[in-house]
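Working through the structure, step by step
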Amino acid sequence: MKLAKTQSDTIVNFKEKTSAKSLSNVNRYGYLFILPFLVVFLIFNIYPILRTLYLSFTKFSGYGDITFIGLDNYTRLIKDTMFWNSLLNTVKIWGINVVLQLGLAFLLTIIFSDMKYKMKGLSIFRALFYLPNLIAATSVAFLFGALLDWQFGSLNQILLDSGLISTRINWLGQPGTAVLVVAVIGAWMWFGNSFLVLMAGVQGISKDYYEAATIDGAGRWTIFGKITLPLLKPILLYVAITSLIGGLQIFDIPFLITDGIGSPSGALNTSVMYLYNTAFKYNNVGYAAAIAYGLFFIIAICSAFTFKSMYGSNKNKEVR
């Protein structure tokens, strides 16, 4: 009996060691599978971030010697009125953009999620709404540049023929209209993405809530305000923060639709455009790196404030 028990224990121990060894081999293979991604991530993501941080403490023109100057770039950034003006321009464009973008996305979400309307062809509409997001920013900029041309643009011609205006409007030559145009273009490009995200959140809500509310006689606005909106808060937080991050980094449309330095009268000189011109036009890479990190801290603070404002009040209510 003792011999049999010893043999069975030996077999069990052997199996355990064998399984542990095979599991260890599998783990090693797993590390090999993630190695290509890890190498690419370190080279193209982590290294540029750390390199930019280092350059922000230096005086560097993009070539030649690098001179360490400590916090001088950040001190200059705090006093730089051009940077703060560019940030104000960015906030103006983003403010109009986010109102139009999220407002239209919300309206479409309400219409397509309403059980009474029961809109059909959602997949077709989703594709149509998302289509502007797939068009290259270069193509969009040249398209709207041609449509809004002061002398030969189609929009001015249509408005003149219809009698809505008596003289041509220089859409891209006046600060007010130029800011409005860029904001509208951004809203047109991105409202489809916001709509898809919001609609996915609505479809994740159980239909039992809506059916029970409908049976109890609740109206569509009551259902939206008491059921849909509260349950969409995580999705709304995601959309708000991503819109904030993307909006404060707007660059391509203002850069391509004007002369690349923010005309007219600097109204379209956004923060990232100022960063770009500082690095590649004025050859001050060290200061441009400081601008990049200054913008990063501003976005991080605004994102934290957005998160706190959307979730802080609810937590306080729960504590009470």
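Residues numbered from 1 in each chain as written. Predicted model: local features only at pLDDT ≥ 70, side-chain atom pairs only at ≥ 80, totals over all residues. Heavy atoms only, no water.

1. Quick word on the environment of T270
To be explicit about the condition: Secondary structure elements follow DSSP: runs of H or I of four or more residues count as helices, runs of E of two or more count as strands, with numbering from the N terminus.
The residue T270 is located in the loop between α11 (252–257) and α12 (271–280) in this model. For the pair T270 and I250, spaced 20 residues apart in sequence, the C-alpha to C-alpha distance is 7.0 Å.

2. A short note on the environment of T306
Note the threshold: Contacts are assigned to residue pairs with any non-hydrogen atoms lying within 4.5 Å of each other.
When you line up the elements, T306 lands in helix α13 (residues 285–319). Not counting chain neighbours up to four residues away, the residues in contact with T306 comprise L237, A240, I241 and L244.

3. A few points about helix α10 (residues 233–247)
The following threshold applies: Helix span is expected to be 1.5 Å times the residue number reduced by one. Residue burial is assigned from relative accessible area. The probe radius is 1.4 Å, only protein chains are included, and a residue is buried under 20% of its type maximum, exposed over 50%, and partly exposed in between.
Taking 1.5 Å as the rise per residue, α10 with 15 residues should run 21 Å; its terminal C-alpha atoms sit 20 Å apart, in good agreement. Of all the residues in α10, the buried ones are L236, L237, V239, A240, I241, S243, L244 and G247.

4. A short note on the layout of surface pockets
The following threshold applies: Points on a 1 Å grid, built from protein atoms alone, make a cavity when a 1.4 Å probe fits but cannot get out and make a pocket when they are open with protein on both sides within 12 Å along at least 5 of 7 lines; residues with an atom within 4 Å of a point are the lining residues. Grid points are joined across faces, edges and corners, and a volume is the space filled by probe spheres set on the points.
Taken as a whole, the largest pocket encloses approximately 400 Å³ of empty space. In terms of lining residues, the largest pocket is bounded by 20 residues, among which N97, Q101, W190, G246 and G247 are the most central. Elements with a minimum of two residues in the lining of the largest pocket: α3 (81–113), α7 (175–203), α10 and α11. Element by element, the count of residues in the lining of the largest pocket is highest for α7, at 7 residues.

5. What to know about the side chain of T177
Selection rule: We define a polar contact as two N or O atoms separated by no more than 3.5 Å, with the added condition that, inside protein, one atom must be a possible hydrogen donor and the other a possible acceptor, whereas residues neighbouring each other in sequence contribute only through side-chain atom pairs.
In this fold, T177 is placed in helix α7. In terms of polar contacts, T177 uses its side chain to reach the backbone carbonyl oxygen of W171, at 2.7 Å.

6. A look at unusual backbone geometry
Residue P264 is bonded to the preceding S263 through a cis peptide linkage, with omega at 10°. Within the fold, P264 resides in the loop between α11 and α12. For S265, which is not glycine, the phi dihedral falls at a positive 55°. Mapping S265 onto the fold places it in the loop between α11 and α12. On the accessibility criterion, S265 (71% relative accessible area) is exposed.

7. Side note on the packing of α3 against α10
Definition in use: Note on geometry: axes are C-alpha line fits, over the in-contact stretch for helices, and angles between N-to-C directions span 0 to 180 degrees. Should the near helix be turned counterclockwise from the far one by less than a right angle, the crossing is left-handed, whereas a clockwise turn marks it as right-handed. The classification used treats Ala, Val, Leu, Ile, Met, Phe, Trp, Tyr, Cys and Pro as nonpolar, Asp, Glu, Lys and Arg as charged, and all other residues, Gly among them, as polar.
Packing of α3 against α10 brings their axes to within 10 Å, and their N-to-C directions diverge by 145°. Crossing angle aside, the handedness with which α3 passes α10 is right-handed. Contacts between α3 and α10 involve T90, W94, V98, Q101, L102 and F106 on the former and, on the latter, L236, V239, S243, L244 and G247. In the contact of α3 with α10, the residues fall into 7 nonpolar, 4 polar and no charged.

8. Observations concerning the nonpolar core
The condition that has to hold: The nonpolar core is taken to be a set of buried Ala, Val, Leu, Ile, Met, Phe, Trp, Tyr and Cys residues, with the residues joined through side-chain atoms within 4.5 Å.
Counting 24 residues, the largest nonpolar core has L108, F112, F129, F195 and Y210 as its most contacted members. Where this core is concerned, the elements lending two or more residues are α3, α4 (122–134), α7, α8 (207–215), α9 (220–231) and α10. Once residues lying within four places of it in the same chain are set aside, the contact partners of F195 are A105, L108, T109, F112, L122, R126 and F129. With 22 residues, the next largest nonpolar core counts L159, L172, V182 and A267 among its residues.

9. Thoughts on the UniProt feature "transmembrane region" (unreviewed entry) in the protein chain
The test is simple: UniProt positions are given in the numbering used here, feature names are shortened, and annotations may be inferred rather than shown by experiment.
According to UniProt, the feature "transmembrane region" (unreviewed entry) maps to residues 29–50, 93–112, 124–148, 178–200, 235–257 and 285–307 in the numbering used here. Here residues 93–112 is 100% helix and 0% strand, with 28 Å between the C-alpha atoms at its ends.

10. A closer look at the packing of aromatic side chains
Here is the rule we go by: Two rings belonging to Phe, Tyr or Trp (six-membered ring only in the last case) form a pair when the distance between their centres is within 6.5 Å. Interplanar angles under 30 degrees mark stacking, angles over 60 mark edge-to-face geometry, and anything in between is tilted. Lysine and arginine charges are scored as sitting over a ring when NZ or CZ, respectively, is within 6 Å of the ring centre and within 35 degrees of the ring normal.
On inspection of all chains with the given rule, the structure shows 19 aromatic pairs. Each ring, one from F57 and one from Y74, has its centre 5.5 Å from the other, and the planes form 50°; the classification is tilted. Of the two residues, F57 is situated in the loop between α1 (2–55) and β1 (58–59) and Y74 in helix α2 (residues 72–79); the sequence distance between them amounts to 17 residues. A relative accessible area of 23% means that F57 is categorised as partly exposed. For the pair F129 and F195, a centre-to-centre distance of 5.4 Å together with 85° between the ring planes defines the contact as edge-to-face. Residue F129 is found in helix α4, and its partner F195 is found in helix α7; the two are separated by 66 residues along the sequence. Overall, the relative accessible area of 15% leaves F129 in the buried class. By way of ring pairs, the aromatic residues F112, F125, F129, F191 and F195 are connected into one cluster. Note that R76 overlies the ring of Y287, its terminal NZ or CZ placed 3.8 Å from the centroid.

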